[in-house]
Amino acid sequence: MGDCYHRHHEQEEVFYVIAGTATFETEDGDVVVDEGKLIRFAPGEWQQGMNHEDPRLKVLALGAPREEGPTDLRRECPVCGERTPVEPEATANELVYYCGVCGAETGRYSF
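J.: I would appreciate a short explanation of the sheet that holds strand β5 (residues 38-41) in the present structure.
T.: Overall, antiparallel pairing links the three strands, which are arranged β5-β2-β7 in an open sheet. Every interior strand has two partners, whereas the edge strands, β5 and β7 (58-64), have only one. Direction aside, neighbouring strands of the sheet carry axes that sit 15° apart on average. Pairing of strand β2 (residues 12-19) with β5, which is carried by four bridges, proceeds in the antiparallel orientation.

Given below as structure tokens:
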């Protein structure tokens, strides 16, 4: 679901699991959300949603206010050996994340 551990400064998010089971990594540990349940994250709360199981996960994601405002992103850096801030760079068909500390590539996704 999410390619970065992140937090929104101004936006809250609600995720409703339509099908499957979602796992959200939070500062307090992993939270498992089953089909038919929801989870809310207030502005400033760190989280990353994942699907660790088959079948494919279906989730309705809602955010308010509509404009998400500033967002902090973190990913594991293979060079730094820890989760560091990242700088995303988008092209016409790809999104690449670079470590904000050392500049190493931390992820690449094709559209």
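J.: Could you clarify how one ought to interpret the packing of aromatic side chains in this entry?
T.: In this description, an aromatic ring pair is defined by two values, namely the gap between the centres and the angle between the planes. Under the definition given, this model contains five aromatic pairs. Measuring from ring centre to ring centre gives 5.5 Å for F24 and F41, while their planes differ by 50°; the resulting arrangement is tilted. Of the two residues, F24 sits in strand β3 (residues 21-26) while F41 sits in strand β5, which places them 17 residues apart along the sequence. For the pair F24 and F41, one class covers both residues: buried. For the ring pair Y97 and Y109, a centre distance of 6.2 Å and an interplane angle of 75° mean the geometry is edge-to-face. Here the residue Y97 occupies a position in strand β10 (residues 94-99), and Y109 occupies one in strand β11 (residues 105-110), the gap between them amounting to twelve residues.

Thresholds applied
Residues numbered from 1 in each chain as written. Predicted model: local features only at pLDDT ≥ 70, side-chain atom pairs only at ≥ 80, totals over all residues. Heavy atoms only, no water. Pairing = 2+ DSSP bridges. Helix = DSSP H or I, 4+ residues; strand = E, 2+ residues; numbered from the N terminus. Axes fitted to C-alpha atoms, helices over the stretch in contact; angles between N-to-C directions. Phe/Tyr/Trp six-rings, centres within 6.5 Å; stacked < 30°, edge-to-face > 60°. Buried < 20%, exposed > 50% of the residue type's maximum accessible area, 1.4 Å probe, protein only.

That is the geometry; function is a separate question.
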